[in-house]
Amino acid sequence: MKLVPMLALSTYAANLFPLNVQVVFGGLFGEDANKQLNLSTVHFVHKISEDASDSVLQIIGAMLKQGLLKSIQSTGISDLKLCGRLYLALGKLSKRCPDLFSSDVYLLSLLFSMLEQENRDLITDLKEGLFLMTDAYKAVLGTEDEAKLEELLLKYINKAEASPCTAVALRFSNILHPTSHLPSRYLCLLALGSGDPEVVEEAKAGLRGSEHDKLPEFEAAVQYIGKCTEERLNTPSHCYIVGTQRLPYIPLVYTEVLKFIRECLDVGLPEHVVIESERCKFMKDLLTNQPESVIRQYKSLLMTALVPAAPATLQALAMEHLVQLSASLPSTLTDITYGWCEVFLTSPHLDLRVHTAALLGIVAYTVHERPSTSEGNETQGTENGLQKAEIRSVAGVEQVDGWVDRLLKKLTDKSAKFEEKDGALLAAGYVASCASPEMAGKVITEVIRFLDTDHIAGVCGSITNCCYSLDVVPLIGLDAAQRLHQQLISLVSQCKEQKTLISLTSALGALHLHPSSLRVDQALSTLFGTSKRNLLELNFAVGKTLAVLSSGPGSRPTIPDMLVNLVQTNPTHENTFTQDILQKVVREYVLGEVRDMELQAASVWILSLLKYSTDLEKISAYKADIQHALSVLLSNKDSLTQEIASEALSLLYSTVDNSTKSHLVEMLRSTLLNETVQHKHVAMDTKIFSPEDLGKLPSSMGGGNLTTYKELCSIASDMNQPEMIYQFMHLSNNSSLWTDRLGAAFGVGHLVKSAGKELEPHLSTIIPRIYRYQFDPNVKVQQSMSNIWSIIVPKPKETVDKYLAEIVSDLKDNILHKLWRTRESCSNALGDVVRTRSYNDLVLEELPRFWELVLKLMDDIKESVRQSAAKTAEVLSKTSVSVCKVEDGARGARAISTILPVLLDTGITSRVVEVQTVAIVTVMKISDNAGPLLAPHVDVIVPAFITASANIEPKALGHITTMVSGSTEDKDKMEQARAHLAITSPLVPVIEKCIRGSELGQMESLVPRLASLAKTSVGLTPRVTLLHTVSLLAVYKQQDLQPWVGKLMGAVFGVLTDRSLAVREKCGATVAILFRYAKPSTVDNVMERLRVWYLEKEEDIRLLVSQIFYKLSNTAPDILRGVHSAAVPLTLYGRHCEQEAEREEWEKVWLELGVSDQSVTLTYISEISDLCSSTLKSTSWSNRIQAAKTLMTVAKYLNTTYPPAHFSANVTSLLQVTAGRTFPGKSALLSALSRTLTATRSLQGLEEGEVLEVFFREAGKKDEAYVSEVIRSLGDLFLGLELSDCWERVWGLCLTFLTPPPQEKEEGEEEESKEKKKKVETFSIDRPVQESAILLLGVAWRSCRNKPDKILEVSQFLSGIMRLCSWNLQLVVLCAMQRVLEFTPSPTSQSDISPETRTQVYESTIPSVLRCVDDTKHAGVRGLALQIVSDVILKSVEFKLVLSRDTFDMILTHVRDQISNENNQNLKSRGIEIVTVVEKAL
């Protein structure tokens, strides 16, 4: 279960025969196989099919195929996921082993049947598997199985309802057969009617083919489709029923069938034929060469589609093709009758009515006798005569004249519908224009009556057709012609619909085509006035009308396209319109004060005149004025005006002779390059901007195409071929205008192709420029240059590969150009070059230079340039990563060695964040693929990444840290978070990877750089990253790093003083890690440095030192054990610091040392003593206090084992530092002195007086808190040592604090100060110093040698002050009293205290003690008081003293009261014992 999924990822396992087969069959059919194992096994089959070698697949392919088929049959729908993967595996296997499938058509049939019955969830996988098999079945072609395969495909394509099999069958058909294969294309035609979007898409793809696919020949297509059509008509189930009539196909399919046949016919047309009239000319030659049977079949297909019940769209297409066929071969008109055509003239479909009228016009033209229009056409006349003879058998002249009468009669029929009248008008015009002059006059006379109706378009069409063919003014009379003239002018000025306007202007121009007395100037003024309508199609229609007027009657523009094969052009007279038209257009419209819409109209008119006019000599006479006008139009802000002007310029250049071409070229170059634009006069009412122009970008800033033409002119100049500017203008125009019918009418395609051929010799010069301009930020320039590129470069990939060196050189030279547009276009183009040719040797060699240029460009002043450079940098990054792979060996190493220096020196060190980011990301990605190839560059990458880490951190973190700087705790937390972020940044894995792959020799250059960074780096993130890098070095390169640990340690110690707590902690951790691998001398230096820092630095550093020691004890305990002589004293010393956090760290270090307190102290007493002695002399009070506490602990650990030498030295040091002023914590010195002196229970030869003098001296200071501690230390001294009698000094010292100040009067004063008197009266004992004094009296009593004389005084004093004390001090007084009574000699000793004195002592003591027995709140006081009473009674009995009756009564009274109120059973029992003893004594 776990092994097979791993095998599915292994290419080696896929090639391991025969074990791979065993795994497959065991996983699919084994006893222990389950669903999961089956699925993993199928994935393994996928791997075998994809990556196994051909030799292995030849052996196991057949077995795998059988196994997969068996598994498919057994699985079924029980496991849909598994079954789907099995289908895909079968398809992948067919790609590698096509021979196993090509001869097995049955398998394909089986899979198709499964596809029909399969679960919906499996259809996608099964279809994908079948698609993969298509290449395998190509081998069937040309074999005996081909018929079986075609039959199978036809079976599923011809199904009434589309199924998943239909799309798959079409895909098979399209892939197996070329576009010229008629049966497969016919299947695609049939599939268009399935209604299934997927099937329709496959069918369109099959019909469309690729750009270089060749369609079938017309003859073969007509014969095959005609045959299939007859078969379908004979099979009613295959027909489309329309009422009672049948069509062989549904209308949609029939339409596509006719279009397909027409496309096959167009294959024979020359490439330059793009205009419909030219197409008609060549169509005749193509159709004439076809066999009669083919023409008959083709006409039959068209006639079948023209059944009355067929859809109008199908009828219109069929009628259009029939008109084209009839115009080329009039013999096909033999069965065309008016009655048959009349049905279509009433159709609602306008195109159908127009084509039907044209068909009737062709019939009329061939029937009527027309004089020959030119000499030398006898052969043509003979052919026409034969055709007429054939046609007259169907329709005679009288019948055609009768057609006109019937059509005109229908116009006056009030019951006729709009479509019927419109069809009649159209047909009457076509027939009359092709019939006799009398008939034409009659028609015009009748139809002009309908100008004011809804049939204006039809009427104008009839007038135009008749006027083009004949001079109608004499036929209808001058008056009628003048009325028609005025009526047309009026209608043009009133009409608003563009289509109607086009018809009206055409009719108005046609009316003045022949010389007459009509006002031509009015007609021209009306035509020119249409420019204010701002209607583009109307402008082109007017332009053609002007060209017709310029060319005269009988010229090519006056002949309809469908009659071009029948009518010969022959201009009958010379007109004078050309000069007037050109002067008015150029001078009044182009150079006059007109609006932009009129300028656009003028550009269209000039283009039309150049294209259609046959009076080229007069036009050439105005070539300079025309070019000047067109040059002005090039600078217009409207892009369409510019394109039209450029097309007109190109046409003008093609019409003049060679002697004038150079003059025109020089004029155009100077106009474009010098920007000499015609200036216009601006009056008060001049309209500067049209409403639609407001808000648009000016052409000077990229809004128009003038920039494009300047660039093209520059290219032509660089080529030393300035005349090429005209060809470039053809190629650059990108408006959709040139792709529609208007564009086709002007033959732009032919001009473009011819221009492209002229540019071929200069491709090496222009390819780099055009390639770059395709990426210009100006969209207009992009589109224009893309048009040029698509024409002059038929194979872009091969062309770019050929001129790649020139392209790269051009980009490098111009990417830092002074123009921002050039910089941006170069950047975009460079990105495209690198993206599409990432493995080209030239690109790889130039990658470092590309990086330098793009990184500079990312700091450009222009935002769009920076954005473009950023995108290009991403492409460069991906390419660099892909080529810097360890798998590429030497090539990868060479790429890394050239790319990395640029990224590290220029990118990462940049101050621009975006530049630095892309460089960092690229190096990171390279490190993932480069592996050991990075090793030679570690000493450069690591320092660069440490420096760059400052920019990785979000700027907001630093800002937040500054904001919370008022709170130390919050600031430390933020810094800790930033430090953690620095360690976990994406740069650290790269650094770690580099360190792990580094070599010994690189330490020599890497370590000094890291040491330098430690001194120069600023900020938390770089320093933390640096310290982490040093730690990684110590971990991964232990042996290699050892010679350099000292240098690194010194560098790290330089960071220890950083203000950031996080940096200091990280620094401490790094020191601890380096400590493990340091040499002994380095270890000693570190320990000494840490000791000095701890003793001399501020608190933060002291805390850090403690933390370092703790880390050392964890990470390098064995190393630390070797320097215990330095570590133990400092650790013991640190345990007594004032800061709790620091103290806790030292305590943990002490525990980690794992030694006995006494033994380790005794072992290192010398070092400890030296440390404490030196720190006691420190000017720092805290150090003195800490040293004193340390000595106190030493005395505690050693006690009687204290070495005398060190004892004397330490006591001497303590005695020396006690002198001087009092400072906070100085009492620790006296405490340490007392504890040291009492440790050995002797003074070890020291002078007692000297020692006591120190205590008494310090007890005389003014600071009561300090004095209190001194007195306590003195008391400890009395407790621990047998001292000589100094009671008097103790008594005097204690009385200073326990008695009121003396009440002495100064001499000359008569009364006391009221303040002093008040203090004496309110004297109480409640201060700490008083408590210490009372305790001292108790412990110092033992040293008194004159007890008999002093005991009564002391006991009475203690009894007296009892009433002045609070309860807690009463407890202290009772303790002192107890100690005084304890030190009274026993009766067996030779006591000099008399019984009377004892009795007085006890009786003076009992009352004050009994008052404490009455204290009901404090059990401690009662307990100690009862204890003293009990001791007094017992000693009285012991000494046989006789106390007074009053004393006993007093004891009984107070104790009985205590017993009655006591809740504490122990105290109650003690009271009962006392009562019992007293009662017995009484």
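Each residue is numbered by its place in its chain's sequence as written, counting from 1. Totals for whole chains, interfaces and linings use all residues, but because this is a predicted model, local features are given only for residues with pLDDT of at least 70 and pairs of side-chain atoms are given and counted only at 80 or more. Hydrogens are left out, water is left out, and the side-chain values use all remaining heavy atoms of the structure.

Caption draft 1: Region of the structure containing the pattern of salt bridges. Salt bridge criterion: a side-chain nitrogen from Lys or Arg within 4 Å of a carboxyl oxygen from Asp or Glu. For the structure shown, the criterion picks out 27 salt bridges. When the shortest N-O distance is used, the salt bridge between Glu1145 and Lys1148 registers 3.4 Å. Here Lys1148 and Glu1145 lie together in helix H63 (residues 1140-1153), a separation of three residues that amounts to about one turn. The classification of residues rests on relative accessible area computed with a 1.4 Å probe and restricted to protein chains. Under 20% of the type maximum is buried, over 50% is exposed, and intermediate values are partly exposed. Taking relative accessible area as the criterion, Glu1145 reaches 14% and is therefore assigned buried. Judged by its relative accessible area of 32%, Lys1148 falls in the partly exposed class. Residues Glu1258 and Lys1261 are paired through a salt bridge, measuring 3.2 Å at the closest nitrogen-oxygen approach. The network of salt bridges with shared partners includes Lys1226, Arg1257, Glu1258 and Lys1261. Each helix is a run of H or I in the DSSP string that is no shorter than four residues. Each strand is a run of E no shorter than two, and both are numbered from the N terminus.

Caption draft 2: View of helix H46 (residues 841-857). Taking 1.5 Å of rise per residue, 17 residues should cover 24 Å, and H46 covers 24 Å from first to last C-alpha, within 8% of that figure. Most pronounced at Leu847, the bend in H46 amounts to some 50 degrees, and the proline Pro848 follows within four residues. Those residues of H46 lying buried are Val843, Leu844, Glu846, Leu847, Pro848, Phe850, Trp851, Leu853, Val854, Leu855 and Leu857. In this scheme, a helix's expected span is set at 1.5 Å multiplied by one less than its residue total. Throughout, the bend at a residue refers to the angle made by two axes, fitted to the seven residues ending there and to the seven starting there.

Caption draft 3: Layout of the nonpolar core. Of all hydrophobic cores here, the largest spans 243 residues; its most connected members are Phe945, Phe1109, Leu1336 and Leu1358. Each residue touching Leu1336, except ones within four places of it in the same chain, is listed here: Ile1271, Leu1274, Gly1275, Phe1278, Val1290, Leu1293 and Cys1294. Tyr186, Tyr298, Leu538 and Leu651 belong to the second largest nonpolar core, which has 157 residues in total. Among buried residues, the Ala, Val, Leu, Ile, Met, Phe, Trp, Tyr and Cys ones that are joined through side-chain atoms within 4.5 Å form a nonpolar core. The contact criterion used is simple: two residues touch if any of their non-hydrogen atoms lie within 4.5 Å.

Caption draft 4: Seen up close, the packing of helix H66 (residues 1181-1198) against helix H68 (residues 1227-1239). Inter-axis angles, ranging from 0 to 180 degrees, are taken between N-to-C directions of lines fitted to C-alpha atoms, where helices are fitted over the stretch in contact. At a closest axis distance of 8 Å, the pairing of H66 and H68 adopts a crossing angle of 20 degrees. Taken together, the axis directions place H66 and H68 in an arrangement best described as roughly parallel. In terms of crossing hand, the pair formed by H66 and H68 is left-handed. In this structure, H66 contributes Arg1184, Ile1185, Ala1188, Lys1189, Leu1191, Met1192, Ala1195 and Lys1196 to the contact, and H68 contributes Ala1228, Leu1229, Ser1231, Ala1232, Arg1235, Thr1236 and Ala1239. For this scheme, ten residues count as nonpolar: Ala, Val, Leu, Ile, Met, Phe, Trp, Tyr, Cys and Pro. Four count as charged, namely Asp, Glu, Lys and Arg, and the remainder, Gly too, count as polar. Of the residues belonging to the contact of H66 with H68, the class tally is nine nonpolar, two polar and four charged. For classification, angles of less than 35 degrees are called roughly parallel, those exceeding 145 degrees roughly antiparallel, those between 65 and 115 degrees roughly perpendicular, and all remaining angles oblique. Take the far helix as your reference; a near helix turned counterclockwise from it by less than a right angle gives a left-handed crossing, and one turned clockwise gives a right-handed crossing.

Caption draft 5: Looking closely at the packing of aromatic side chains. Here is the rule: rings of Phe, Tyr and Trp (six-membered ring for Trp) pair when centre to centre is within 6.5 Å. Planes less than 30 degrees apart are stacked, more than 60 are edge-to-face, and the remainder are tilted. Following the criterion strictly, the structure yields 16 aromatic pairs and no others. Ring plane angle 80 degrees and centroid distance 5.7 Å describe the contact between Tyr186 and Tyr224, whose orientation is recorded as edge-to-face. Remark: Tyr224 occurs in helix H14 (residues 218-233) and Tyr186 occurs in helix H12 (residues 182-191); sequence separation between them is 38 residues. A relative accessible area of 27% means that Tyr224 is categorised as partly exposed. Their ring planes at 80 degrees and their centres at 5.2 Å tell us that Trp1287 and Trp1341 sit as a pair that is edge-to-face. With Trp1287 in helix H71 (residues 1287-1298) and Trp1341 in the loop between helix H73 (1328-1340) and helix H74 (1347-1361), this pair connects stretches of sequence that are 54 residues apart. Of the two residues, Trp1287 and Trp1341, both sit in the buried class. Three or more aromatic residues link up through ring pairs in this structure, and these residues are Tyr186, Tyr224, Tyr249 and Tyr254. Counted as over-ring charges are cases with an Arg CZ or a Lys NZ within 6 Å of the ring centre that also lie within 35 degrees of the ring normal. If you follow Lys862 out to its NZ or CZ, it ends over the ring of Trp820, 4.4 Å from the centre.

Caption draft 6: Structural context of the environment of Ser603. You can see Ser603 is positioned in helix H32 (residues 596-612). Looking at Ser603, the relative accessible area reads 0%, which means it is buried. A C-alpha to C-alpha distance of 9.7 Å links Ser603 and Phe540, two positions 63 residues apart in sequence. Within 3.5 Å is the distance limit for a polar contact, defined as a pair of N or O atoms, with the added protein rule that one can donate a hydrogen and the other accept it, and that residues adjacent in sequence qualify only through two side-chain atoms. One polar contact links the side chain of Ser603 to the main-chain carbonyl oxygen of Gln600, over a distance of 2.5 Å.

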